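# Coordinate analysis (summary)
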Amino acid sequence: MTGTAHDDFGFEHVPETDQSFENALAKARAGERLDVADGVELMTTGTDSDGIDPHRKELVLEAADRRRAAMVGDDVTFVANLNNNVTTACTTGCLFCNFKNTAHRFETDFDGDHGGFTKTPAESRDIVADAVEMGIYEVTSVSGLHPALVLDEEHREILQTYDNSPAEVNYKPPAAYDTDPGTYTEQLTAMSVDGVHVHSMTPEEAYHAKRGTDWTYEDVYHRLADAGLDSAPGTAAEILVPEVRDVICPGKIGTDEWVAGMAGAMDAGLDVTATIMYGHVENEMHRVMHLDVVRDLQDRYGGITEFVPLSFVYQNTPLYDRGLVTEGASDDEDELMIAVSRLYLDNIDHIQSSWVKFGNAKSLKLLNCGADDLMGTILSEEITKRAGGGFGEFRSFDDYVDMITAIGRRPVERSTDYRIHRPLDPDEGPHGPTLGPRADGTPLLDRTGPATADD
Ligand SMILES: C[S@@+](CC[C@H](N)C(=O)[O-])C[C@H]1O[C@@H](n2cnc3c(N)ncnc32)[C@H](O)[C@@H]1O
Ligand SMILES: Nc1c(NC[C@H](O)[C@H](O)[C@H](O)CO)[nH]c(=O)[nH]c1=O
Ligand SMILES: N[C@@H](Cc1ccc(O)cc1)C(=O)O
Ligand code: SF4
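Nothing here was measured: the structure is a model prediction, and the numbers come from that model.

With that settled, the discussion passes to the packing of helix H1 (residues 21-30) against helix H2 (residues 36-44). One can describe the packing of H1 onto H2 by two numbers: an axis separation of 9 Å at closest approach and a directional angle of 105 degrees. Accordingly, the angle class assigned to the pair H1 and H2 is roughly perpendicular. Within the contact between the two elements, H1 uses Phe21, Ala24, Leu25, Lys27 and Ala28 and H2 uses Asp38, Glu41 and Leu42. Grouping the constituent residues of the contact of H1 with H2 by class yields five nonpolar, no polar and three charged.

Okay, here's the thing in structure tokens:
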């Protein structure tokens, strides 16, 4: 629990169990499957009152670090990717989010500024083409739920029949807006430059792409894949416990819907990632219940390539403005989140340390707490920056090699699906990506200015 007392929100689920810390740790060390009570003991270090026991914390981190080495070895991986988000216009109003701008401010007859952006498919294509030319091979794209965004023209026709109650399906025609974002399929096709891997369409976006129809998630993800989608990000997960979602994102799809969306993507043959966004109003019981939902999903489908703990960036968010939180997760909480994710998720190979959320120093430390992947070059960042995070928008391959060799590990370029690995030799250089359609080892150069110094 972060910056608030346990009972502030009257939560039914609290971090109390009958298990002992010692028993939970023994199970973790022996490689036995953990249950929720074990996870809570490890996440809280089993203390009676609020606060982490520093010695016990080290024991948990050590167990997770050993598990990481046994599961995936000592390599630290990363990708050459670009974030290209299509629009910040959104109607959902999540209280942790400052990425979005209220959608009605983008309407042609709105008198005022919206402070965000919408890109046409042609603009998306130009941005991706430029980055592919530089050597990237993955584009990650997540967007607000713009009322004019639909799956395709067939979907638009269906939504137009809701003439009398367009609000019910959250639809408005593109003509109502200054900029037409096109359809999801048009955007994905536009971004599929030279076979670049397109990582897009969270379950929340897939829900938007099927609103007002009886289409299944599997249908919709099939059609998205035909348009160029290669894998789906498991954001929108936040905390997969209803009583927490009721506080931080009451307008969002529920836990069961998120699970159904991810399952549909995997049924359609796509890889997915999974995330948790923690360090706001939730407690350690919620975090471990979330891990349990993700592990169960992976048991049934097996298509989750990596788990990404996203530490809440609080500064510019409604949760902070309204006094519902006073800060984000502490260093101890971040370390234990990564470590318990590694120990609990015995069926997911890769745990990502997100340098956007943690900065260089902490993201490297987390590679010794159970994480094995250090994200990507991204070239552009809007979610964290708008929420008040200051860790920059770019890491070059040379930065990656320097950082990873500094902690005595081997830097390895990977494909998005982790199927291709290319180790980089620190004694050579300068380093650039080689796995992209136009990647010949030429170093990626920052187009956004130098990364912000963060440590
Ligand atoms: C900004 S949304 C965009 C995609 C889509 N609208 C959705 O909700 O799935 C993507 C994710 O960013 C993460 N995010 C948003 N605001 C954040 C914040 N202040 N701190 C950390 N993560 C945040 C959340 O996990 C969210 O699901
Ligand atoms: N793009 C962001 C990611 N993760 C994307 C990673 O590069 C990931 O490894 C790949 O997309 C799939 O394997 N994580 C963040 O925390 N923030 C991003 O902006
Ligand atoms: N871009 C998202 C994070 C994200 C994207 C894709 C993933 O597969 C995982 C995480 C953020 O910054 O919050
Ligand atoms: S998290 Fe996604 S759905 Fe929620 S307000 Fe932000 S952009 Fe909209």
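Moving on, there is more to tell.
Moving on: the sheet that holds strand E11 (residues 373-376). Read from one edge to the other, the open sheet built from four strands follows the order E11-E1-E12-E13, with strand pairing classed as mixed. At either margin of the open sheet sits one strand with a lone partner, and together these are E11 and strand E13 (421-423). Shown here is a sheet whose adjacent strand axes are inclined to one another by a mean of 30 degrees, direction ignored. Sheet topology places strand E1 (residues 75-79) next to strand E12 (residues 410-414); four bridges connect them, and they run parallel. From the neighbouring strand, Val76 faces E12, where its bridge partner is Pro411.

This part takes up unusual backbone geometry. Residue Gly429 is joined to Pro430 through a cis peptide bond whose omega torsion reads 0 degrees. Unlike most non-glycine residues, Met201 shows phi in positive territory, near 70 degrees. Here Met201 shows up in the loop between strand E6 (197-200) and helix H7 (203-208). Classification of Met201 as buried rests on a relative accessible area of 1%.

Within this model, the second largest pocket holds a volume of roughly 250 Å³. Taken together, 17 residues line the second largest pocket, and the ones lying closest to its centre are Phe312, Val313, Gln315, Lys357 and Phe391. With four residues, helix H14 (residues 355-366) is the single largest residue contributor to the lining of the second largest pocket.

Right, let's get into the environment of Trp355. When you line up the elements, Trp355 lands in helix H14. Classification of Trp355 by relative accessible area gives buried; the value is 0%. Here the alpha-carbon distance between Trp355 and Pro203, two residues 152 residues apart in the chain, equals 24 Å. The residues contacting Trp355, other than those within four sequence positions of it, are Ser363, Leu374, Met375, Gly376, Thr377, Ile378, Phe391, Gly392, Glu393, Phe394, Arg395 and Tyr400. Side-chain polar atoms of Trp355 contact the side chain of Tyr400, separated by 3.0 Å.

This structure, assessed with the given rule, holds three cavities of 30 Å³ or more. In this model, the second largest cavity occupies a volume close to 70 Å³. For the second largest cavity, the full set of lining residues is Val86, Ser141, Ser143, Leu149, Tyr184, Gln187, Leu188, Met191, Ser200, Met201 and Glu205. For the lining of the second largest cavity, the element with the highest residue contribution is helix H6 (residues 184-191), accounting for four residues.

This next bit is on the site of ligand 2. Taken together, 17 residues sit near ligand 2, with Asn83, Glu138, Gln352, Ser354 and Arg414 positioned nearest. Between ligand 2 and the protein, one listed contact pairs an oxygen atom with a side-chain N or O atom of Glu138 at 2.7 Å. Here an oxygen atom of ligand 2 sits 2.8 Å away from a polar atom, N or O, in the side chain of Gln352. Coverage of ligand 2 by the protein amounts to 91% of the 440 Å² it exposes when considered alone. Secondary structure elements with two or more residues in the shell around ligand 2: strand E2 (81-83), strand E5 (138-141), strand E9 (304-311) and E11.

Moving on to the pattern of salt bridges. Counted under the stated rule, the structure contains 32 salt bridges. With a shortest N-O distance of 3.9 Å, Glu335 and Lys365 are connected by a salt bridge. In this pair, Glu335 is assigned in helix H13 (residues 331-344) and Lys365 in helix H14, connecting sequence segments 30 residues apart. Residue class for Lys365 comes out partly exposed when judged on its relative accessible area of 32%. Here Arg342 and Asp372 are joined by a salt bridge, their closest N and O atoms 3.1 Å apart. In this pair, Arg342 sits in helix H13 while Asp372 sits in the loop between H14 and E11, placing the two residues 30 residues apart along the sequence. Using a relative accessible area of 2% as the deciding quantity, one classes Asp372 as buried.

A separate point is the site of ligand 3. Within the structure, ligand 3 sits among Thr140, His199, Pro233, Thr235, Thr273, Thr275, Val308, Leu310, Lys357, Glu381 and Ile383. The contact in question runs from an oxygen atom of ligand 3 to an N or O atom on the side chain of His199, over 2.6 Å. Here an oxygen atom of ligand 3 sits 3.1 Å away from a polar atom, N or O, in the side chain of Lys357. When ligand 3 sits alone it has 340 Å² of accessible area, and the protein chains cover 86% of it. For the shell around ligand 3, the secondary structure elements donating two or more residues are strand E8 (271-278) and E9.

What counts and how
- Residues numbered from 1 in each chain as written.
- Chains lettered and ligands numbered in written order.
- Predicted model: local features only at pLDDT ≥ 70, side-chain atom pairs only at ≥ 80, totals over all residues.
- Heavy atoms only, no water.
- Axes fitted to C-alpha atoms, helices over the stretch in contact; angles between N-to-C directions.
- Helix = DSSP H or I, 4+ residues; strand = E, 2+ residues; numbered from the N terminus.
- Parallel < 35°, antiparallel > 145°, perpendicular 65-115°, else oblique.
- Contact = heavy atoms within 4.5 Å.
- Nonpolar A, V, L, I, M, F, W, Y, C, P; charged D, E, K, R; others polar.
- Pairing = 2+ DSSP bridges.
- Buried < 20%, exposed > 50% of the residue type's maximum accessible area, 1.4 Å probe, protein only.
- 1 Å grid on protein atoms, 1.4 Å probe; cavity = no way out; pocket = protein on both sides within 12 Å on 5 of 7 lines; lining within 4 Å.
- Points joined across faces, edges and corners; volume = space filled by probe spheres on them.
- Polar contact = N/O pair within 3.5 Å; in protein donor to acceptor, adjacent residues only side chain to side chain.
- Near = heavy atom within 4 Å.
- Areas by Shrake-Rupley, 256 points an atom, 1.4 Å probe, with all protein chains shown as cover.
- Salt bridge = Lys/Arg side-chain N within 4 Å of Asp/Glu carboxyl O.

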